[in-house]
Protein chains: 4
Amino acid sequence: MAQEKVVLAYSGGLDTTAIIPWLKENYGYEVICCCIDCGQGEELDGLSERAKASGAAKLYIEDIVDDFCDNYIVPCVQAGAVYENKYLLGTAMARPGIAAKLVEIARKEGAVAICHGATGKGNDQIRFELGIKALAPDIKVIAPWRNDKWKLQSRQDEIDYCKAHGIDLPFSTDQSYSRDRNLWHISHEGLELEDPSKEPNYEHLLMLTTPPEKAPEKPEYVTMTFEKGVPTSVNGKKMKVSDIIKELNEIGGRNGIGIIDIVENRVVGMKSRGVYETPGGTILMEAHAQLEELCLDRATMEMKKEMGAKLAQVCYEGKWFTPLCDAIQAFVKSTQEYVTGEVKFKLYKGNIIKAGTTSPYSLYSESLASFTTGDLYDHHDAEGFITLWGLPLKVRAMKLQENQKTK
Amino acid sequence: MAQEKVVLAYSGGLDTTAIIPWLKENYGYEVICCCIDCGQGEELDGLSERAKASGAAKLYIEDIVDDFCDNYIVPCVQAGAVYENKYLLGTAMARPGIAAKLVEIARKEGAVAICHGATGKGNDQIRFELGIKALAPDIKVIAPWRNDKWKLQSRQDEIDYCKAHGIDLPFSTDQSYSRDRNLWHISHEGLELEDPSKEPNYEHLLMLTTPPEKAPEKPEYVTMTFEKGVPTSVNGKKMKVSDIIKELNEIGGRNGIGIIDIVENRVVGMKSRGVYETPGGTILMEAHAQLEELCLDRATMEMKKEMGAKLAQVCYEGKWFTPLCDAIQAFVKSTQEYVTGEVKFKLYKGNIIKAGTTSPYSLYSESLASFTTGDLYDHHDAEGFITLWGLPLKVRAMKLQENQKTK
Amino acid sequence: MAQEKVVLAYSGGLDTTAIIPWLKENYGYEVICCCIDCGQGEELDGLSERAKASGAAKLYIEDIVDDFCDNYIVPCVQAGAVYENKYLLGTAMARPGIAAKLVEIARKEGAVAICHGATGKGNDQIRFELGIKALAPDIKVIAPWRNDKWKLQSRQDEIDYCKAHGIDLPFSTDQSYSRDRNLWHISHEGLELEDPSKEPNYEHLLMLTTPPEKAPEKPEYVTMTFEKGVPTSVNGKKMKVSDIIKELNEIGGRNGIGIIDIVENRVVGMKSRGVYETPGGTILMEAHAQLEELCLDRATMEMKKEMGAKLAQVCYEGKWFTPLCDAIQAFVKSTQEYVTGEVKFKLYKGNIIKAGTTSPYSLYSESLASFTTGDLYDHHDAEGFITLWGLPLKVRAMKLQENQKTK
Amino acid sequence: MAQEKVVLAYSGGLDTTAIIPWLKENYGYEVICCCIDCGQGEELDGLSERAKASGAAKLYIEDIVDDFCDNYIVPCVQAGAVYENKYLLGTAMARPGIAAKLVEIARKEGAVAICHGATGKGNDQIRFELGIKALAPDIKVIAPWRNDKWKLQSRQDEIDYCKAHGIDLPFSTDQSYSRDRNLWHISHEGLELEDPSKEPNYEHLLMLTTPPEKAPEKPEYVTMTFEKGVPTSVNGKKMKVSDIIKELNEIGGRNGIGIIDIVENRVVGMKSRGVYETPGGTILMEAHAQLEELCLDRATMEMKKEMGAKLAQVCYEGKWFTPLCDAIQAFVKSTQEYVTGEVKFKLYKGNIIKAGTTSPYSLYSESLASFTTGDLYDHHDAEGFITLWGLPLKVRAMKLQENQKTK
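Not measured: the values here are computed from a predicted model. (Residues numbered from 1 in each chain as written. Chains lettered and ligands numbered in written order. Predicted model: local features only at pLDDT ≥ 70, side-chain atom pairs only at ≥ 80, totals over all residues. Heavy atoms only, no water.)

## Here we look at the relation of the copies chain B and chain A
Here is step 1: With an RMSD of 0.0 Å, the fit of chain B onto chain A corresponds to turning through 180 degrees and sliding 0.0 Å along the axis. Both copies are brought into coincidence by an operation consistent with a two-fold rotation axis. The position closest to the rotation axis in chain B is occupied by the C-alpha of Asn 351 of chain B, lying 3.5 Å away.
Here is step 2: Of the interface residues in chain B, 100% have counterparts in chain A that sit at the interface too, so the contact is made through matching surfaces. (Least-squares fit on C-alpha atoms with pLDDT ≥ 70 in both. Contact = heavy atoms within 4.5 Å.)

And the structure:
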């Protein structure tokens, strides 16, 4: 009988390296490693050798950056999806994309299980596993950190375990921030951040963004265009979305844009504190929102805001591959038909300052907003409007007066 | 028979001055002027003489600053009420307070009508009139700008009309921005702002705030305390809310905080573009939100966010004195029981940077967020949680697989 | 110069007949009558002669029943759109369909105006006019009942006016209920209904439905099938939607189903009381909802419920042709992919009693709901779930205990 | 050292009887039984002897019927809280009341643990345990059905276990529906109900309600009064709420009112099918809603509807003792100030037919709804209203036309 296979979400780091011999030892599986590139900007050279040296049967290196941009980031930008007013969902959006790719590889390989290295107190375990359940309910999920057979409690334990299994690779034993990075953002947790009464040590912490204090003295202008809600160019250069984000990461990063410090509520029930850097994403979402101010009517904006909050929740909670998530995206997509135009920002030391927006579908009418009267709107119309708008109030007030008199 | 009286919302400016003779001429009313101080910081000396010289029978000068703070601003801060993601409701919150005071004076004077100088294309006419309808449905409202008998089309017309009626006071004929100021904010409309493709001329425009570019090079720290959601001190000094806002206006103003550029949707149906300065208010609302991150659970935060959006809408639309507004405030108030603690910010050239938050009721638990395992939370619990959390997804995926096989 | 044309929404009744000479006299228009059949079941024979005898240049008779069913009713059924918990939107859904047809005729005829006979206190004026504004903003709307030139205050006035203009047709002068009928429903207002303390005189009032007391003693079973949320058959017979509604009107009507007595809030600000009969519609919406209980997951149901309420509001308020309405429909449509199956009801004297539902996509799992344990769900999983589900509560309770001890 | 105590939620039935020796055997606890009367109408005579014969150290019999009515039922009636459109929350509302009483007894007795007999697949385990966590986070919860030490798999196992521990009491071994009853309702699950394609066997099933087919041929009228949203009398007799519900259960029960057949989504993630009888509750909630139609304005009704849905969710999910639940109740309570008046219904074979509603605070105005024109409302006002109401639509339509022409 052929050996059963497991697909392992593999980064080449210490944790996922130690999992390789552990899977073989405890399950007897052939281990197929899969390193998924979401734009985390890590060195992938030599990874294949490293995986093999660690006992993997095979290594897939899969670039899903454009899939990540087009099918996860763009819908969230269009929706204005932000979790708890601040978090731009960088990690949350990437997880279902990774899960989908893991399932694809598992099917191709005929694997019976998928293994991930997420811990038992975080959101990512949920996002990976719900993604897998939704796409491949028959595939078993293995999460070593929640598994009784996993006895390794520290980095040193892991290093020793690797060595004992013949894996002799260089790993750092430093404790640093716990980080997750992809094209859209980088998140930081741990160390001083674990105490919300402490100011983050930004000098030490930040990787994509210059702190506002050190950003250039001179403002920098940036223009972006959108077509039907999809970003199409930066500073006049047409680019695909992933290149736009890369470009805006550069621009925003040097100007101190998009640093967020948040105490957020995890799905698993506790609060945690993190710092996120999303330089390009912050600019992009702000620009999209700015354009919508011109192109969407009030009622659509209001409802879309609720839908954006809901999409953020659904995405954060790992429920991307659900009918609700699809339906919200259908709603949002329908609103983007005329979100076309150009937005200009002035960036200055952490500030995004509006510098002019135009759209062929702008619903702003200068004459309507300012002139005294016209065909579209006569001041007398307001009279009738107010009478009807205030009618329920007035009827109620009269009723209360009437009751008071009776007493 | 005694002459009937009208109460006029009076500022001493050209518009409301010209209204005095117009009311006498067209309605035969005795005109009771009422200048209501919401902290707009204008010179009130000599206003009484000015009103009399304009033909008013009487002038009331009413300071409602503390009422404005305690009964309008604080509930909105607690609710996190922001209109269309940006506007902190400075004018919208003040209008019902003014309406209530006008009604109070009208009752005291036995007036049959109230007159305001708001135009026929804006939101303020609605806010004044709905306030009056709700509190005094029997009192007539006169809005000259929507009135056929009002023939004055320009500032020069008004000046001429005043002179023809024996009012010879100095008025400027300059066209400038259209502004509304009170303790909480100042709004600007008109001139270059009427074209959303143009960057605002901040150098010329701003009155409360230093532009970020000109703000100090050195960051400034500020601490605020709250008790049950009410701000109680700044930088260690206990103060009443109105003094806290004044103090924060100073601090925020010099550091370039709280400048908003928005295309918003008016109640009367058109989009308009404005710039708002709310230096102290922006800091205060951010600080309150920051404290709530620690003190409120996720479910309460989520629902409260919807309520805040709804309160912003209700307030913006002039529906302050309604059962819905009362009910929303009751909801919000109930959530504030444990919103007590201290927030520290670092302000730097337009940036509000979190610098530490503490609360005796903080729901953040460092051990829960970070340690491996404990009494409260065992990693194995996550296993069960994910099984149930993902159960609907999995059942659905299995059903779809089953249907696919049948085909 | 050619005479300008107006398209008149024409029923052949007294009101719209009198409008013909009034339009000619006051505007000099050529009057194009348009009678739109939404399934109101009226006699249309001889209408053409009648229109010509009344001075119309032309009469269009347009059957929009299937358009009404497919593009207005089906989306509302799928959304579960019900206004103020009771009203199934019969009139509200028809109005935009009529407006669209009027615009189509106006374009074909090159007309400059559209005229409707809705009164100035109701919702229909809004629905007609917003429909026309959205589809043809350049076309003028004429609403005689709100027009100063319209002097006719009673049916007798109208009859006299017609006679004076050479129109001698038989019209009743009886005052009865004010009614609106189409394929979906009939509404009744007026007479005793104007006093909410009075029980409706159902014997006199009802036109489509037998009162429950007089309905058959023997229950009647009915089965319906749906495919992707669209009704496809009744009692085993495949039919188009309009025929399904006709059939269900018969069945529901004889069994006393679907009588609603409501005090509703009109868009124009006042409450009004009406009785609606929607026999087939009530069954159809209930059946669809019943099927969704099996086929939709909880989260989708919850959000869809909000969307249904919103669609009802939008439709009731005349805002059918808006981006928001489109977006809501896109959401709803997305949820209907697997709403396929069969529903059986027992009807008895006003009661709809569930008698069995099946679907190939049913998410109900008998084993999951009832058996002790299994692969999908282990009782121990509940342990972990509850720990995490209750974690925020517990942390909060501990914090409060801790604070109490300190005091 | 004194023996530790556990408080056991005890009914005297087989399950909770078997738990007594099991707790003693496995934990060494002294078992304090607590039988909580929520109006389930069971025989409580002899229960004390029964408990002692089963090895309990003590039995508390606690009547919480009025607490249940005043603090759980009334807030839910006022909120119109209904889960998934149908379920009136009978069991869900009772659980937190029971949990609170168990905690009270546990504190009084100095117990270290609370034990309940709810199964591992249902909602009740969650409701009991979240209630206990929120009120007494330090108290341990024991749920035998989820406990590895619990080996009893059938009623026969339990009987044998009891006998082996010297408990020789009469118990039935019949399998019947799984039921939960209290003053508000009775729920049924199991047997034929487990197959949603089957019609319930109502003849066999129903305990409180006559099936519509067997209800009297003659309609019965009932009147109810409310003061500030609280029910105060039935048919002219003033009664406390619990007596009102009892009376309405009689009246509704004999007229076939309030039978619900639902496939609902449990908190633990699966769908289950149940039948609920809520005869009095259905009438009471309908009457309250009917009165609100007259007394609440549209905007309040709309928001309150969302709050009611949210309260239903919160209550269903066991989150009664949370800040969110408190805040929702504060909202709802605020809306009830003027919900005062009388409602009359005609009941007939399962139908609730409106027969007249009156209120001193009714916002319905006959003259406003029907007369042609008046002080409050002039038909011309509608003109202005529609212009502004439709302005965003029109501006958008013009913009699209303009773009089309350009192309």
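## Remarks on the sheet that holds strand E2 (residues 30-37) of chain B
All names here are of chain B.
Here is step 1: Taking strand neighbours across the sheet as the criterion, the five strands line up as E3-E2-E1-E4-E5 in an open arrangement whose pairing is parallel. In this open sheet, the two strands that pair with only one neighbour each are strand E3 (58-63) and strand E5 (140-142). Taking the axes of each pair of neighbouring strands and ignoring which way they run, one obtains an average angle of 25 degrees across the sheet.
Here is step 2: In this structure, E2 lies alongside E3, joined through six bridges in parallel fashion. (Pairing = 2+ DSSP bridges. Helix = DSSP H or I, 4+ residues; strand = E, 2+ residues; numbered from the N terminus. Axes fitted to C-alpha atoms, helices over the stretch in contact; angles between N-to-C directions.)

## Notes on the environment of Arg 179 of chain A
Residues and elements named next belong to chain A.
Here is step 1: Structurally, Arg 179 is set in strand E6 (residues 178-181).
Here is step 2: Of the residues examined, Arg 179 reaches a relative accessible area of 33% and is grouped as partly exposed.
Here is step 3: It is 22 Å that separates the C-alpha atoms of Arg 179 and Asn 255, two residues lying 76 residues apart in sequence.
Here is step 4: Those residues within four positions of Arg 179 in sequence are excluded, and the remaining contacts are Ile 186, Ser 187, His 188, His 204, Leu 205 and Met 207.
Here is step 5: At a separation of 2.9 Å, a polar atom in the side chain of Arg 179 contacts the side chain of His 188.
Here is step 6: Polar side-chain contacts of Arg 179 include one of 3.0 Å to the backbone oxygen of Leu 205. (Buried < 20%, exposed > 50% of the residue type's maximum accessible area, 1.4 Å probe, protein only. Polar contact = N/O pair within 3.5 Å; in protein donor to acceptor, adjacent residues only side chain to side chain.)

## Re the interface of chain D and chain C
Size of an interface: often given as the accessible area lost when the parts come together.
Here is step 1: In this complex, chain D contributes 97 residues to the contact, which on the side of chain C involves 97 residues.
Here is step 2: Both sides together, the interface formed by chain D and chain C hides about 8,600 Å², and carbon and sulfur atoms give 54% of it.
Here is step 3: Taking the shortest distance from any N to any O, the salt bridge between Glu 293 of chain C and Lys 86 of chain D comes out at 2.5 Å.
Here is step 4: Our count for the chain D to chain C interface comes out at 42 residue pairs in polar contact (both at pLDDT 80 or more).
Here is step 5: With eight residues, the top contributor of residues to the side of chain D that touches chain C is helix H13 (residues 379-389) of chain D. (Buried area = accessible area lost by both parts, 1.4 Å probe. Salt bridge = Lys/Arg side-chain N within 4 Å of Asp/Glu carboxyl O.)

## A look at the state of the cysteines
Here is step 1: Overall, the coordinates contain zero disulfides over all chains when judged by the stated rule.
Here is step 2: Cys 35 of chain A supplies the cysteine sulfur nearest to Cys 34 of chain A, a cysteine that is in no disulfide, at a spacing of 7.5 Å.
Here is step 3: Of the residues examined, Cys 34 of chain A reaches a relative accessible area of 2% and is grouped as buried.
Here is step 4: With no disulfide of its own, Cys 69 of chain C lies closest to Cys 38 of chain C among cysteine sulfurs, the gap being 9.7 Å.
Here is step 5: The exposure class assigned to Cys 69 of chain C is buried, which follows from its relative accessible area of 0%. (Disulfide = S-S within 2.5 Å.)

## Comments concerning the interface of chain B and chain A
Here is step 1: Between chain B and chain A, the residue contacts involve 97 residues of the former and 97 residues of the latter.
Here is step 2: One can count 10 salt bridges joining chain B with chain A.
Here is step 3: Connecting chain B to chain A are 43 residue pairs in polar contact (both at pLDDT 80 or more).
Here is step 4: For the side of chain B that touches chain A, the leading source of residues is helix H13 (residues 379-389) of chain B, giving eight residues.
Here is step 5: When the residues that make up the side of chain B that touches chain A are grouped by side-chain class, the tally is 41 nonpolar, 23 polar and 33 charged. (Nonpolar A, V, L, I, M, F, W, Y, C, P; charged D, E, K, R; others polar.)

## Quick notes on the packing of helix H11 (residues 323-335) of chain B against helix H10 (residues 298-316) of chain D
Here is step 1: Running from amino to carboxyl end, H11 of chain B crosses H10 of chain D at an angle of 30 degrees, the nearest separation of the two axes being 8 Å. When the axes of H11 of chain B and H10 of chain D are compared, the pair comes out roughly parallel. Contacts between H11 of chain B and H10 of chain D pair Pro 323, Leu 324 and Phe 331 of chain B from the former with Ala 299, Thr 300, Met 303 and Met 307 of chain D from the latter.
Here is step 2: Of the residues contributing to the contact of H11 of chain B with H10 of chain D, the split by class is six nonpolar, one polar and no charged. (Parallel < 35°, antiparallel > 145°, perpendicular 65-115°, else oblique.)

## So, the pattern of salt bridges
Side-chain pairs of opposite charge can arise where the charged atoms are in close proximity.
Here is step 1: Inspection of every chain in the model, using the stated rule, returns 116 salt bridges over all chains.
Here is step 2: Residue Lys 214 of chain B pairs with Glu 203 of chain B through a salt bridge whose shortest N-O separation is 3.1 Å. Residue Lys 214 of chain B is located in the loop between helix H7 (202-205) and strand E8 (220-227), and its partner Glu 203 of chain B is located in helix H7; the two are separated by 11 residues in the primary sequence. Both residues of the pair, Lys 214 of chain B and Glu 203 of chain B, count as exposed.
Here is step 3: In this structure, the salt-bridge partner of Lys 246 of chain B is Asp 243 of chain B, at a minimum N-O distance of 3.6 Å. On the criterion of helical spacing, the pair formed by Lys 246 of chain B and Asp 243 of chain B is a turn pair, its members being three residues apart in helix H8 (residues 241-254).
Here is step 4: By relative accessible area, which is 43% here, Lys 246 of chain B ends up partly exposed.
Here is step 5: Assessed through its relative accessible area of 28%, Asp 243 of chain B is described here as partly exposed.
Here is step 6: Salt bridges here are not isolated pairs; linked through shared partners, they connect Arg 95, Asp 124, Arg 127 and Asp 180 of chain A.

## Some words on the UniProt feature "binding site: ATP" (unreviewed entry) in chain A
Residue and element names in this part refer to chain A.
Here is step 1: Mapped onto the present numbering, the UniProt feature "binding site: ATP" (unreviewed entry) falls on Ala 9, Tyr 10, Ser 11, Gly 12, Gly 13, Leu 14, Asp 15, Thr 16, Thr 17 and Gly 117. Sequence-wise these annotated residues cover 109 residues; spatially they are packed, their C-alpha atoms never more than 12.8 Å apart.
Here is step 2: Turning to its location among the elements, Tyr 10 is positioned in the loop between strand E1 (5-9) and helix H1 (14-27).
Here is step 3: Looking at Tyr 10, the relative accessible area reads 3%, which means it is buried.
Here is step 4: Within the secondary structure, Thr 17 is located in helix H1. (UniProt positions renumbered as here; feature names shortened; annotations may be inferred.)

## Description of H13 of chain D
Here is step 1: Counting buried residues along H13 of chain D, nine of its 11 residues qualify, which places the element largely inside the surrounding structure.
Here is step 2: Every buried residue belonging to H13 of chain D is among His 379, Asp 381, Ala 382, Gly 384, Phe 385, Ile 386, Thr 387, Leu 388 and Trp 389 of chain D, and all of these are buried.
Here is step 3: Buried residues along H13 of chain D sit against helix H13 (379-389) of chain A, helix H5 (124-135) of chain C together with helix H14 (391-406) of chain D.

## Comments concerning the relation of the copies chain D and chain C
Here is step 1: It takes a turn of 180 degrees to lay chain D on chain C, together with a shift of 0.0 Å along the axis; the resulting RMSD is 0.0 Å.
Here is step 2: Of the interface residues in chain D, 100% have counterparts in chain C that sit at the interface too, so the contact is made through matching surfaces.

## Quick word on the sheet that holds strand E13 (residues 341-348) of chain C
Residue and element names in this part refer to chain C.
Here is step 1: Spatially, E10-E9-E8-E13-E14 is the arrangement adopted by the five strands of the open sheet, whose pairing is antiparallel. A single partner strand is all that each edge strand has here, and the edge strands are strand E10 (237-238) and strand E14 (351-358).
Here is step 2: Two elements, strand E8 (residues 220-227) and strand E9 (residues 230-234), share four bridges in a ladder whose sense is antiparallel. Among the inter-strand pairings, Glu 227 is bridged to a residue of E9, identified as Val 230.

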